[in-house]
Amino acid sequence: MIYIHIQVDCKMNKILEKLKNITTTYQPIDGFPHTTTDLRKKGFKTILNTIVEYTGNPKGLKFLDVGCCFGYFCFQLEKMGAYVDGVDISLGRINTCQALKKYYKLSDKTINFYNSDMNERIESLKKVDYIIMLNMFHHMLVKDEKKSWETFNKLLNKSKAIFVMMRNSYGKWEMCRHHNEIGDAVVKNSDATWYKVLGRVHGRIIYVFGVEPKSQ
Ligand SMILES: C[S@@+](CC[C@H](N)C(=O)[O-])C[C@H]1O[C@@H](n2cnc3c(N)ncnc32)[C@H](O)[C@@H]1O
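Keep in mind that this is a model prediction, so the values were computed, not measured.

A. Representation of the overall build of the protein. Of the regular secondary structure elements, the protein holds eight helices and seven strands. The buried share of the protein, reckoned over its 216 residues, is 34%. Nonlocal contacts in the protein, meaning residues at least 24 apart in sequence, comprise 61% of its contacts between residues at least 6 apart.

Structure representation (C-alpha cells):
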C-alpha cells in the first residue's frame, strides 16, 4: 500500500514539475501563471461569470463539467463552494487534474475527476444541478452524431440546465456562424425546448448557451 502511494506521489510530482516548464495550456491554471496569457485568463473569467450569473451563488450546488480539460471551471466553482465532478476522455488531462487537486489540498468530498468517454459514463451518472459542456460537444458529434444526441438528452434530464459552447470550425457542424444556429440545432435534435444565448467572449463567434430540459 505504502509503495503504491509513493508511486502515485512520484507521478503527481512529475506532472506538477512538467507544468512548470509548459508555456501555454488550453485553460489557465491557478498557481502556474506562466501557462496562460492575461487575455486568455480574462476570457475564461468571463465565461465563468456568465455561468455564475445564470446559476446564482454556486455554494452547495452540484456541477458536472464534461470535457473538463485541466479543471479550470471545476476548481473555480469548488472554490465558490460547489460540489464538482469533472470528466474527460484524456487520461493525461485527468491525471493533471488529480495532481492539481492534491497540490491545492482539496478533498474528495467536494471535487472529483474521472477519465471516461461521456457516452460511456452517462448510465452511472447521478443527478446534478448544472452541466457544463464547453467547447467539447462537437468532438462527440463528429464521432457519432446519433449517440451524442442520445447522451445529450440523458444529460438534460439529469440537470436543470446545460451550458454549451461551440466554435464554428468543426467540420460539418458549422452551426454557430449565426448565434441562433447552434441553439436551434440543439432544440431540433434534443429534448431541449428552450435556450438562451448567455454571452459572447472577446467579441469572437463563441457563444455560451443555457439549455433547459422540457420538464422544468
Ligand atoms: C477543446 S477542449 C475544451 C475544454 C474545456 N471544456 C474548456 O472549454 O475549456 C475539449 C475537451 O473535451 C474532451 N473530450 C472530447 N471528447 C470527449 C468525450 N467523448 N468525453 C469526455 N471528454 C471528451 C477532450 O479531451 C478535451 O479535454
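Here the narrative resumes.
B. Seen up close, the confidence of the model for the protein. Of all residues in the protein, 77% have pLDDT values of 70 or greater, and the mean over the chain is 82. Note that residues 168-178 has pLDDT below 50 and, in this model, 20 contacts with residues that lie over four places away or in other chains.

C. Quick look at the pairing of strand S1 (residues 62-66). In terms of burial, S1 is a largely internal element, four of the five residues being buried. Relative to strand S2 (residues 83-88), S1 runs parallel, the two sharing five bridges. The residue bridging Leu64 from the neighbouring strand is Asp85, located in S2. As for the winding sense of the linkage, the β-α-β connection from S1 through helix H3 (residues 72-79) to S2 is right-handed. Sheet analysis places S1 next to strand S4 (residues 130-134), joined by three bridges and oriented parallel. Across the sheet, residue Asp65 finds its bridge partner in S4, namely Ile132.

D. Just the site of the ligand, in detail. The environment of the ligand is formed by 18 residues, the closest being Gly67, Cys69, Met118, Leu134 and Met136. At the level of elements, S2, helix H5 (118-121) and helix H6 (137-143) are the ones that each hand at least two residues to the shell around the ligand. Tallied by class, the residues present in the shell around the ligand amount to nine nonpolar, six polar and three charged.

E. Representation of the environment of His138 in the model. Along the chain, His138 falls in helix H6. For His138, a count of 23 C-beta atoms within 10 Å gives the class buried. His138 sits 10 residues away from Ser148 along the chain, and the two C-alpha atoms are 9.2 Å apart.

F. Spotlight on helix H7 (residues 145-156). In this model H7 runs 16 Å from its N-terminal to its C-terminal C-alpha over 12 residues, within 8% of the 16 Å that 1.5 Å per residue would give. Three or more residues of H7 are buried, namely Ser148, Thr151, Phe152, Leu155 and Leu156. Mapping the buried residues of H7 onto a view down its axis gives an arc of 140 degrees, with all of them on the same face.

G. View of the environment of Leu106. Relative to the helices and strands, Leu106 is located in the loop between helix H4 (91-103) and strand S3 (111-115). As a C-alpha pair, Leu106 and Glu78 span 28 residues in sequence and 9.0 Å in three-dimensional space. In this structure, Leu106 is in contact with Glu78, Lys101 and Ile111, ignoring residues within four places of it in sequence.

About the criteria used
- Residues numbered from 1 in each chain as written.
- Predicted model: local features only at pLDDT ≥ 70, side-chain atom pairs only at ≥ 80, totals over all residues.
- Helix = DSSP H or I, 4+ residues; strand = E, 2+ residues; numbered from the N terminus.
- Buried ≥ 20, exposed ≤ 12 C-beta atoms within 10 Å, placed from the backbone.
- Contact = placed C-beta atoms within 7 Å.
- pLDDT = per-residue confidence, 0-100.
- Pairing = 2+ DSSP bridges.
- Right-handed = clockwise from strand over helix to strand, strands pointing away.
- Near = placed C-beta within 6 Å.
- Nonpolar A, V, L, I, M, F, W, Y, C, P; charged D, E, K, R; others polar.
- Expected span 1.5 Å × (residues − 1).
- Arc of directions from axis to C-beta.

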